[in-house]
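A look at the structure
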Amino acid sequence: MSINGLTVDGVILEPESAAIITTYKCTARCKDCCFDCSPKEKEMLTIDEIKKFIDEIAPLKSIKSVVWTGGECSILGKKLEEGIAYAKSKGKISRIVSNGSWSSGVEKDKIYLNELKSKGLAEINLSTGDNHQQFIPIEKVLTIAQAAVSVGLRVLISVEKTKFSKFSIENLKEHPIYKKIKRDDKDTSLSLLSAAWVSFNSGSNYEYDEEAFIEKREGCDSLYNTIAINPEKKLLACCGITIRYIPEMEIGILGEKPIIDMYNVQKSDFMKQWIFTEGPINILRQVVEWEDTIEIPKFVHPCQACAYIYQTPEIIEVIEKNYHTIIERITVKFYQKISFKGTFEKKLKAKAIQK
Ligand code: SF4
Ligand code: SF4
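All of the points below concern the structure found in this document. (Residues numbered from 1 in each chain as written. Chains lettered and ligands numbered in written order. Predicted model: local features only at pLDDT ≥ 70, side-chain atom pairs only at ≥ 80, totals over all residues. Heavy atoms only, no water.)

Some words on the overall build of the protein
Helix and strand counts for the protein stand at eleven helices and eleven strands. Counting over 355 residues, the protein shows a buried share of 51%. Partitioning the contacts of the protein with sequence separation of at least 6, the portion at a separation of at least 24 is 75%. A total accessible area of about 17000 Å² is found for the protein, and carbon and sulfur atoms account for 53% of it. (Helix = DSSP H or I, 4+ residues; strand = E, 2+ residues; numbered from the N terminus. Buried < 20%, exposed > 50% of the residue type's maximum accessible area, 1.4 Å probe, protein only. Contact = heavy atoms within 4.5 Å. Areas by Shrake-Rupley, 256 points an atom, 1.4 Å probe, with all protein chains shown as cover.)

A short note on the nonpolar core
In this structure, Phe53, Trp68, Leu113, Ile157 and Met249 are the most contacted members of the largest nonpolar core, which totals 103 residues. Here this core gets nine residues from one element, more than from any other, and that element is helix H8 (residues 270–290). Here this core gathers at least three residues from each of two domains, domain 1 (6–267) and domain 2 (270–354). (Core = buried A, V, L, I, M, F, W, Y, C linked by side-chain atoms within 4.5 Å. Domains from an automatic or database assignment.)

Considering the environment of Thr22
Along the chain, the position of Thr22 falls in the loop between strand E3 (17–21) and helix H1 (47–57). For Thr22 and Leu76, which are 54 residues apart along the polypeptide, the C-alpha to C-alpha distance reads 7.8 Å. Setting aside its immediate chain neighbours within four residues, Thr22 contacts Glu43, Met44, Leu45, Trp68, Thr69, Gly70, Cys73, Leu76 and Pro231.

As for the side chain of Glu123
Among the structural elements, Glu123 can be located in strand E6 (residues 121–128). In this structure Glu123 comes out as buried when scored by relative accessible area, which is 17%. Side chain to side chain, Glu123 and Arg154 meet in a polar contact 3.3 Å long. Excluding residues within four positions of it along the chain, Glu123 makes contact with Ser94, Arg95, Ile96, Leu153, Arg154 and Leu156. (Polar contact = N/O pair within 3.5 Å; in protein donor to acceptor, adjacent residues only side chain to side chain.)

Focus on the side chain of Thr242
Its location among the elements puts Thr242 in the loop between strand E10 (234–236) and strand E11 (250–253). Apart from residues lying up to four places away in sequence, Thr242 is in contact with Phe200, Cys303 and Ala307.

Some points on the site of ligand 2
Taken together, the neighbourhood of ligand 2 is formed by Cys220, Ser222, Leu223, Cys238, Cys239, Thr242, Ile246, Met249, Ile275, Pro280, Cys303 and Cys306. Taken together, the elements giving at least two residues each to the shell around ligand 2 come down to H8 and helix H9 (302–311). Residue assignment places the shell around ligand 2 across two domains, with domain 1 (6–267) and domain 2 (270–354) each supplying three or more. (Near = heavy atom within 4 Å.)

Things to note about the state of the cysteines
Counted under the stated rule, the structure contains zero disulfides. Free of any disulfide, Cys239 has its nearest cysteine sulfur in Cys238, 4.6 Å distant. (Disulfide = S-S within 2.5 Å.)

As for the sheet that holds E11
The mixed open sheet is built from nine strands, whose spatial order is E8-E7-E6-E5-E4-E3-E9-E10-E11. Across the chains shown, the open sheet's two edge strands, defined by having one partner strand only, are strand E8 (190–196) and E11. Ignoring which end each strand starts from, the neighbouring axes of this sheet average 20 degrees apart. Two strands pair when backbone bridges link them, and E3 and strand E4 (residues 65–69) are joined in this way by five bridges, in the parallel orientation. Counterpart to Ala19 in the pairing with E4 is Val67. Contacts between helix H2 (residues 78–89) and the sheet are confined to E4, strand E5 (93–98) and E6, with E4 contributing the most and set at about 165 degrees to the helix. (Pairing = 2+ DSSP bridges. Axes fitted to C-alpha atoms, helices over the stretch in contact; angles between N-to-C directions.)

So, the pattern of salt bridges
In total, this model carries 18 salt bridges according to the counting rule given. A salt bridge links Lys90 to Asp55; the nearest nitrogen and oxygen atoms lie 3.4 Å apart. Residue Lys90 is located in the loop between H2 and E5, and its partner Asp55 is located in helix H1; the two are separated by 35 residues in the primary sequence. Taking the relative accessible area as the measure of exposure, Lys90 reaches 33% and is therefore partly exposed. Each member of the salt-bridge network shares a partner with another, and the members are Lys78, Glu81, Glu115 and Lys119. (Salt bridge = Lys/Arg side-chain N within 4 Å of Asp/Glu carboxyl O.)

Describing the site of ligand 1
In the region of ligand 1, the neighbouring residues are Cys26, Ala28, Cys30, Cys33, Cys37, Gly71, Asn99, His132 and Trp197. In terms of residue class, the shell around ligand 1 is built from six nonpolar, three polar and no charged. (Nonpolar A, V, L, I, M, F, W, Y, C, P; charged D, E, K, R; others polar.)

Concerning unusual backbone geometry
In terms of backbone geometry, most residues other than glycine have negative phi values and most peptide bonds are trans. Look at the link from Gly70 to Gly71: it is a cis peptide, with omega at 25 degrees. Inspection of the secondary structure assignment puts Gly71 in the loop between E4 and H2. If you check the backbone angles, Tyr224 has positive phi at about 60 degrees while not being a glycine. With respect to the helices and strands, the residue Tyr224 is situated in the loop between E8 and strand E9 (226–229). Residue Tyr224 is classed as buried on the basis of its relative accessible area of 0%. A positive phi angle, close to 70 degrees, is found at Lys233, a residue other than glycine. Along the chain, Lys233 turns up in the loop between E9 and E10.

So this is what it looks like as structure tokens:
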């Protein structure tokens, strides 16, 4: 086995990102939160568990950054600072994902963010929208964005979107704090993203504009690219947002075996190879080709489609009956994609060295 990557029959698997879902505790209680987070949740990784995870992923040079998320990762307080500094000591920069509830005014936020930046923070992602704003006013989110931009951090604000969202990116752009940030943000470090707000447990039936539905999607690039850990110390095969609905995305428990070995086992998981190469929407199309009595709903998020596949016994049954007809094609495609990715990255690295 290579220490800088994961050997798959001669091909190197090189995950690019590590995600730490620090806690399911949150200062908000958004309806349809993918992890059902709330102030009542207690599960939280200890600093020793966080450090063990970082120690184990540290030899993977392809992983440049660690994403700190939750729940609300700022609830960790000093442990978050210590974790970010520890990741930096192992050569990894950090990005945090937050709901912005901790804002204490622009000057205090600058001091806090400067401190995190000195420890290794490079980027902050903030979430807002109708559900978030039931708990956290937009002013807090924008104040943190303002402070972050002024201390030189990259910022992404993600805004929930459904057909009937009351608050949209357009509303955000009209806000005086946003306008001020844009006037002062010479480096354009602030970007916005409109993200479909979905329910994974079908508790809510949101409506969406027609163009929001995904008709065709390529393979999922989170698989074989991300190693994540959740507050229950479970290691996850992808970004982890569906772990409560797709137990198959769990690859082991921290400490059970070396993470690298647990990650490497996935190379022979046909379903993951298929999701990685062709994506859940194309898989559902193939299922309908095999069995045209199956009706498939529309999806606005690939992970919704992925959870639907794993949660629907009739679909699994059709796949189990027919997958032998495509296994060879998918396996070839899988190795081609892994090997192309490795070659492409090497070329990029070589280019960067030449500059
Ligand atoms: S802020 Fe994020 S983590 Fe917290 S409840 Fe809302 S969606 Fe969930
Ligand atoms: S599409 Fe499936 S494998 Fe990919 S990130 Fe979503 S849940 Fe994970």
